[in-house]
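Listed below, chain by chain, are the residues.
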Amino acid sequence: MTPRGWAVITLVGLAVALVVAAAVLVPWHRPPAPRADQLAALRDLPVEQVARGRAFRAALRPGGWAALAVGLLVALGLGLTPLGGRLVELAGRPFGGHWVAQAVLGGLAVLLVADLLTLPFSAWRHAILTRHGLATNGWGGWTADLLKSYAVSAVIGVLALLGFYAVTRLAPRWWWAFGAAGAAALVVLLSFVLPVLVEPVFNRFTPMEQGPLRTELMTMAARDGVPVRDVLVADASRRTRAVNAYVSGLGPTRRVVVYDTLLREATPAEVTSVVAHELGHAKDRDVWTGTLTGALGTALAVVALYLLGSAGPLLRLAGVDSIAEPRAFPLLVALVTVAGLVAAPAQALVSRRIEARADAHALALTGDPATFEAMQRRLSGANLADPDPPRWEYLYSASHPSTVERIAAARAHAREAGR
Ligand SMILES: [Zn+2]
């Protein structure tokens, strides 16, 4: 059988594995609370808070969608015309067109052009965040964050580009197999190292100070059967007034992180409710679920790119002979961009179901739906969320159930518990 034949079989195998993993690991049986209960929850929220959240989200919306559109147009413009290939050549020219220069400098140049063209929208977003009092870091802090994220992306980008194009040269017929395995391994590696190598670039993390709240949280974690070495506090207040918490990392790098803003704004009982939600993620191994599905999806994407990339018309549009050469990198970016936009609603749906399970875990663990509801009101208010966002936007990009869904779920839990 030809490499192409094996690639088709691998693609089908990966697709089946991804579907099975999603079917088994994602809690599909947690649909949102009935709409009538959501509307009742919405009516109970302060009118002024809802209006403020909606005004803020409406202000962000045009820039957000415009950035998406411009990003897509740039990717297609560079990838489906010879323009991107020429940019790669240009970047490699001072080095005699050596493949390493083309792969690394050319690749980074393509990514940088796309970033720079959407930069005005990022700046606009920051201006709106500042005007609405959510951002606290000023333009200096914003610029520093931007440069840091460029630096981090450049390091990861250099490794990925160098690795990928080395493989395409060493194994011209089988690169897709090594590439798929390598890309999947990179996803797993990043899950392990991001919390210890990348997150500290942007924030300082300190163990939560000793006291009744920390004792309460550690006791709750022990009761939950989730071993937690420590709860870390991130100095999020350096750039935002938003409140949040999250779990990241795997195995030895797993941590529960709360924003310092949350500790400042919320009551200890509300913080406990938030951490109970995060313990749910830890207990249900949601970081593993995300990593595994991410690794399978990435491997699938590499094989799909190989198969799609041997299509003559695409190569002719990009003015390249093979998808495996550095000059075809812009074509890869274009295909990945389109795939990302298409996959976004599915990813958001999976994320919402997983978040709903973590909410249910928090309610069961704390047995305190009233505080859970108060915490949702506070999260929504502090983060200027639209408690009941437009349906299409929710379906396309909401990673969490809406505030009204979460409150309605808490009330349903209270009813069940009271029965
Ligand atoms: Zn969560």
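Since the structure is predicted, the reported quantities are computational estimates derived from the model, not experimental observations.

A.B. asks: So what about the overall build of the protein chain? Which residues, and what values?
C.D. replies: Along the protein chain, the regular secondary structure elements total 16 helices and 4 strands. Its C-alpha radius of gyration of 23 Å places the protein chain within 12% of the 22 Å reference for a compact globule of 419 residues. Projected onto its principal axes, the C-alpha coordinates of the protein chain cover approximately 70 × 50 × 45 Å. Among the 419 residues that make up the protein chain, the fraction classed as buried is 43%. If you take every contact in the protein chain between residues at least 6 apart in sequence, the share linking residues at least 24 apart comes to 77%. Side chains of the protein chain carry 39 positive and 29 negative charges; the gap between the two charge centres is 5 Å.

A.B. asks: Describe the pairing of strand β3 (residues 245–248), listing the residues and the values that go with them.
C.D. replies: In this sheet, strand β4 (residues 255–259) lies alongside β3 in antiparallel orientation, the contact comprising 4 bridges. By the bridge assignment, S248 is partnered in β4 with R255. In textbook terms, the turn of a hairpin is the stretch between consecutive antiparallel strands, and for β3 and β4 this stretch comprises 6 residues, one of which, G249, has a positive phi near 85°.

A.B. asks: Go over the packing of aromatic side chains, please, and point to the residues and values.
C.D. replies: This model, assessed by the stated rule, comprises 9 aromatic pairs. Between W65 and Y396, the aromatic rings sit 5.6 Å apart at their centres with planes inclined by 50°, giving tilted as the arrangement. Placement of the pair is W65 in helix α3 (residues 47–79) and Y396 in helix α15 (residues 391–397), with a sequence separation of 331 residues. Here W65 falls in the partly exposed class, since its relative accessible area comes to 30%. An aromatic cluster is defined as three or more aromatic residues linked by ring pairs; in this entry it consists of F164, Y165, W174, W175, W176 and Y306. Above the face of the Y394 ring, R352 is positioned so that its terminal group lies 4.3 Å from the ring centre.

A.B. asks: For helix α13 (residues 329–366), give the residues involved together with the corresponding values.
C.D. replies: At A343, α13 shows its largest kink, close to 45°, and the proline P345 lies no more than four residues downstream. Just beyond α13, the residue with positive phi is G367, at close to 60°.

A.B. asks: Would you mind going over the pattern of salt bridges in detail, with residue names and values included?
C.D. replies: Applying the stated rule across the entire model yields 19 salt bridges. A salt bridge links D260 to R264; its shortest N-O distance comes to 3.5 Å. In this pair, D260 and R264 both sit in helix α9 (residues 260–265), 4 residues apart, roughly one turn of the helix. A relative accessible area of 13% means that D260 is categorised as buried. Note that R357 and D284 form a salt bridge whose closest N and O atoms lie 3.5 Å from each other. Taken together, the residues span a long stretch of sequence, with R357 in helix α13 and D284 in the loop between α10 (268–283) and α11 (286–309) at a distance of 73 residues. When its relative accessible area of 29% is taken as the criterion, D284 is described as partly exposed.

A.B. asks: Outline the sheet that holds strand β1 (residues 205–207), listing residues and values.
C.D. replies: Pairing is mixed in the open sheet, where 4 strands are placed in the order β1-β2-β4-β3. The open sheet has two edge strands with one neighbour each: β1 and β3. In this sheet, neighbouring strand axes are inclined to one another by 35° on average, regardless of whether the strands run parallel or antiparallel. Both β1 and strand β2 (residues 231–234) contribute to a ladder of 3 bridges, which runs antiparallel. Each bridged residue has a counterpart across the sheet, and for P207 the counterpart in β2 is L232. Against the sheet, helix α7 (residues 175–202) makes contact with β1, β3 and β4, and its axis sits at roughly 140° relative to β3, the strand it touches most.

A.B. asks: Report on the side chain of T289, specifying residues and quantitative values.
C.D. replies: Positionally, T289 belongs in helix α11. Sequence-distant contacts of T289, defined by excluding residues within four places in its chain, comprise L25, D284 and I354.

Conventions used here
- Residues numbered from 1 in each chain as written.
- Predicted model: local features only at pLDDT ≥ 70, side-chain atom pairs only at ≥ 80, totals over all residues.
- Heavy atoms only, no water.
- Helix = DSSP H or I, 4+ residues; strand = E, 2+ residues; numbered from the N terminus.
- Rg over C-alpha atoms; globule rule 2.2 N^0.38 Å.
- Buried < 20%, exposed > 50% of the residue type's maximum accessible area, 1.4 Å probe, protein only.
- Contact = heavy atoms within 4.5 Å.
- Lys, Arg positive; Asp, Glu negative; His and termini not counted.
- Charge placed at Lys NZ, Arg CZ, Asp CG, Glu CD.
- Pairing = 2+ DSSP bridges.
- Phe/Tyr/Trp six-rings, centres within 6.5 Å; stacked < 30°, edge-to-face > 60°.
- Lys NZ or Arg CZ within 6 Å of the ring centre and 35° of its normal.
- Bend = angle between axes of the 7 residues up to and from the residue.
- Salt bridge = Lys/Arg side-chain N within 4 Å of Asp/Glu carboxyl O.
- Axes fitted to C-alpha atoms, helices over the stretch in contact; angles between N-to-C directions.

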